[in-house]
Amino acid sequence: MTSTDEPLELASAPLPMVVPTRGLPARVRIHEVGARDGLQNEKTVVPTELKAEFIHRLADAGLTTVEATSFVHPKWVPQLADAEDLFPLLGDLQGVHLPVLVPNERGLDRALALGAHRVGVFASATESFARANLNRTVDEALAMFAPVVARAREQGVHVRGYLSMCFGDPWEGAVPISRVVRVCRALLDMGCDELSLGDTIGVATPGHVSAMLAALNAVQVPTERIGVHFHDTYGQALTNTLAALQHGVTTVDASAGGLGGCPYAKSATGNLATEDLVWMLHGLGIDTGVDLVRLSATSAWMADQLGRPSPSRTVRALTARSHEEPAASPQEQ
């Protein structure tokens, strides 16, 4: 909603002309991260009820995977300290996956106690970020995740393996593709159902993305088990996404309104905006199931709650159009 809580009136807006391109998937599943990754770095604590309303609005816009929260210790991410209070408020959402992050077995216990059916563990491709984010080496973190993944699978819970710093690290610089491949293979071998390749500081380029995906395929990591998570630091998120789609990837992480960053990597700016992604996908004739107008209205509403404009170019453009006055006819001039 806008600041006046009125719906955007965009029926006449020139939504992108559909021009399909060969070699792209017919449908893409958007893994919406705005309610977790998008809000976790906010300095002012967002009320639990507001987070719940945000997630409900995202679901109403057609998003079927909405990452809800993280069961980390409150001192590490204070914004998500209300996980136990938030998750029960989402029980009425039907047909919507609500994955949560769990850092260890204690986090898994908390998630399972609330009936979570999808969880994620978050590893790093680099030693520096593993130390900053988890206070462990890469291999120590993998050892910590192994029993988490095993127990989750025993309970029939879907497990996603996040991997940060796949394309570059603020402390170490360029990250060898072979290092990323090793950790991805380890996550799959321990039982993760899917992977999310994170360009945490937004330095990837299309050729790098294609080379990464090809290297993963070479060690029998199937493309259908790979998702991509791009940040838009250098304006490359959509270009990199297109490279991934051309390779056959059908799961793309994005954040409503472009919210988010990373509290442990200060150079990590906002995530790829879901609206910008949907605009591109719809123009390519790719089905997402998302209502772009409703989604943009939701992000405009959340930006208003946070007291700042939405970073999403699509949200800004559509919101501006909704407030334009009709041009005067010649007789009225």
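Conventions and cut-offs
- Residues numbered from 1 in each chain as written.
- Predicted model: local features only at pLDDT ≥ 70, side-chain atom pairs only at ≥ 80, totals over all residues.
- Heavy atoms only, no water.
- Helix = DSSP H or I, 4+ residues; strand = E, 2+ residues; numbered from the N terminus.
- Buried < 20%, exposed > 50% of the residue type's maximum accessible area, 1.4 Å probe, protein only.
- Contact = heavy atoms within 4.5 Å.
- Areas by Shrake-Rupley, 256 points an atom, 1.4 Å probe, with all protein chains shown as cover.
- Pairing = 2+ DSSP bridges.
- Axes fitted to C-alpha atoms, helices over the stretch in contact; angles between N-to-C directions.
- Expected span 1.5 Å × (residues − 1).
- Core = buried A, V, L, I, M, F, W, Y, C linked by side-chain atoms within 4.5 Å.
- Disulfide = S-S within 2.5 Å.
- Salt bridge = Lys/Arg side-chain N within 4 Å of Asp/Glu carboxyl O.
- Phe/Tyr/Trp six-rings, centres within 6.5 Å; stacked < 30°, edge-to-face > 60°.
- Lys NZ or Arg CZ within 6 Å of the ring centre and 35° of its normal.
- Parallel < 35°, antiparallel > 145°, perpendicular 65-115°, else oblique.
- Nonpolar A, V, L, I, M, F, W, Y, C, P; charged D, E, K, R; others polar.

Draft legend 1. Representation of the overall build of the protein chain within the structure. When helices and strands are tallied, the protein chain shows twelve helices and nine strands. Across the 333 residues in the protein chain, those meeting the buried criterion constitute 54%. Excluding contacts between residues fewer than 6 apart, the proportion of contacts in the protein chain whose partners are at least 24 apart in sequence is 77%. Only carbon and sulfur atoms are counted for the fraction: they give 53% of the accessible area of the protein chain, which is about 14200 Å².

Draft legend 2. Spotlight on the sheet that holds strand 7 (residues 194-199). If you trace the nine strands from one edge of the open sheet to the other, you get 2-1-9-8-7-6-5-4-3, paired in parallel fashion. Because the sheet does not close on itself, it has two edges, and the strands there are strand 2 (65-66) and strand 3 (69-70). In this structure, strand 1 (residues 29-32) lies alongside strand 2, joined through two bridges in parallel fashion. What sits directly across from His 31, in strand 2, is Thr 65. Where helix 9 (residues 237-247) meets the sheet, it contacts strand 7, strand 8 (226-230) and strand 9 (251-254), and its direction lies at approximately 170° from that of strand 8.

Draft legend 3. Structural context of helix 7 (residues 177-189). For helix 7, built from 13 residues, the straight-helix expectation of 18 Å at 1.5 Å per residue is met to within 8% by its first-to-last C-alpha distance of 18 Å. When we look at burial in helix 7, the residues that qualify are Val 180, Val 181, Val 183, Cys 184, Leu 187 and Leu 188. On its buried side, helix 7 packs onto strand 5 (118-124), helix 6 (138-154), strand 6 (158-164), strand 7 and helix 8 (206-218). Downstream of helix 7 by one or two residues, Gly 191 has phi in the positive range, about 120°.

Draft legend 4. Focus on the side chain of Thr 126. Note on placement: Thr 126 falls in the loop between strand 5 and helix 5 (127-134). On the accessibility criterion, Thr 126 (0% relative accessible area) is buried. The contacts of Thr 126, once residues within four sequence positions are left out, are Val 138, Met 165, Asp 169, Glu 172, Val 175 and Arg 179.

Draft legend 5. Geometry of the nonpolar core. Grouped together as the largest cluster of nonpolar side chains are 98 residues, with contacts concentrated most on Phe 54, Ile 55, Leu 98, Val 100, Val 119 and Leu 187. Of all the elements, helix 6 adds the most residues to this core, at eight residues. Those residues in contact with Leu 187, other than ones at most four positions away along the chain, are Val 121, Ala 123, Leu 142, Gly 161, Tyr 162, Cys 192 and Leu 195.

Draft legend 6. View of the state of the cysteines. For the structure shown, the criterion picks out zero disulfides. The thiol sulfur of Cys 184 is not disulfide-bonded, and the nearest other cysteine sulfur, from Cys 166, lies at 5.5 Å. With no disulfide of its own, Cys 192 lies closest to Cys 184 among cysteine sulfurs, the gap being 9.8 Å.

Draft legend 7. A look at the pattern of salt bridges. A full pass over the atoms with the stated rule returns 17 salt bridges. Across the salt bridge formed by Arg 151 and Asp 109, the nearest N and O atoms sit 2.7 Å from each other. A residue pair is termed long-range when its members are at least 10 positions apart, and Arg 151 in helix 6 and Asp 109 in helix 4 (residues 105-113) qualify at 42 residues. Arg 151 sits in the partly exposed class, given a relative accessible area of 26%. One connected set of salt bridges, linked through shared partners, spans Arg 29, Arg 160, Glu 194 and Asp 253.

Draft legend 8. Highlighting the environment of Pro 311. Position of Pro 311 among the secondary structure elements: in the loop between helix 11 (292-306) and helix 12 (313-322). Taking the C-alpha atoms as reference points, Pro 311 and Ala 273, separated by 38 residues in sequence, lie 7.8 Å from one another. Aside from chain neighbours lying at most four places away, what touches Pro 311 is Gly 257, Gly 258 and Arg 316.

Draft legend 9. Fine view of the pairing of strand 1. Of the pairings in the sheet, the one linking strand 1 to strand 9 comprises four bridges and is parallel in character. Across the sheet, the residue bridging to Glu 32 is Ala 254, located in strand 9.

Draft legend 10. Main features of helix 2 (residues 48-60). Between its terminal C-alpha atoms helix 2 stretches 18 Å, which fits the 18 Å expected from 13 residues at 1.5 Å a residue. When we look at burial in helix 2, the residues that qualify are Thr 48, Leu 50, Lys 51, Ala 52, Phe 54, Ile 55, Arg 57, Leu 58 and Ala 59. Elements in contact with the buried residues of helix 2: strand 1, helix 1 (34-38), strand 2, helix 3 (83-86) and helix 11. Phi turns positive, to about 105°, at Gly 62, one or two residues after helix 2.

Draft legend 11. Just the packing of aromatic side chains, in detail. Applying the stated rule across the entire model yields three aromatic pairs. Ring geometry for Phe 54 and Trp 301: centres 6.5 Å apart, planes at 40°, overall tilted. Taken as a pair, Phe 54 in helix 2 and Trp 301 in helix 11 lie far apart in primary sequence, 247 residues in all. Under the relative-accessibility criterion, Phe 54 is labelled buried at 0%. A cation sits over an aromatic face here: Arg 57 above Trp 301, 4.0 Å from the ring centre.

Draft legend 12. The arrangement of the packing of helix 5 against helix 6 in detail. At a closest axis distance of 8 Å, the pairing of helix 5 and helix 6 adopts a crossing angle of 55°. When the interaxial angle is binned, helix 5 and helix 6 end up oblique. Residues Glu 127, Ala 130, Arg 131 and Leu 134 of helix 5 form the contact with helix 6, whose participating residues are Val 138, Glu 140, Ala 141, Met 144 and Phe 145. Of the residues assigned to the contact of helix 5 with helix 6, the class counts are six nonpolar, no polar and three charged.

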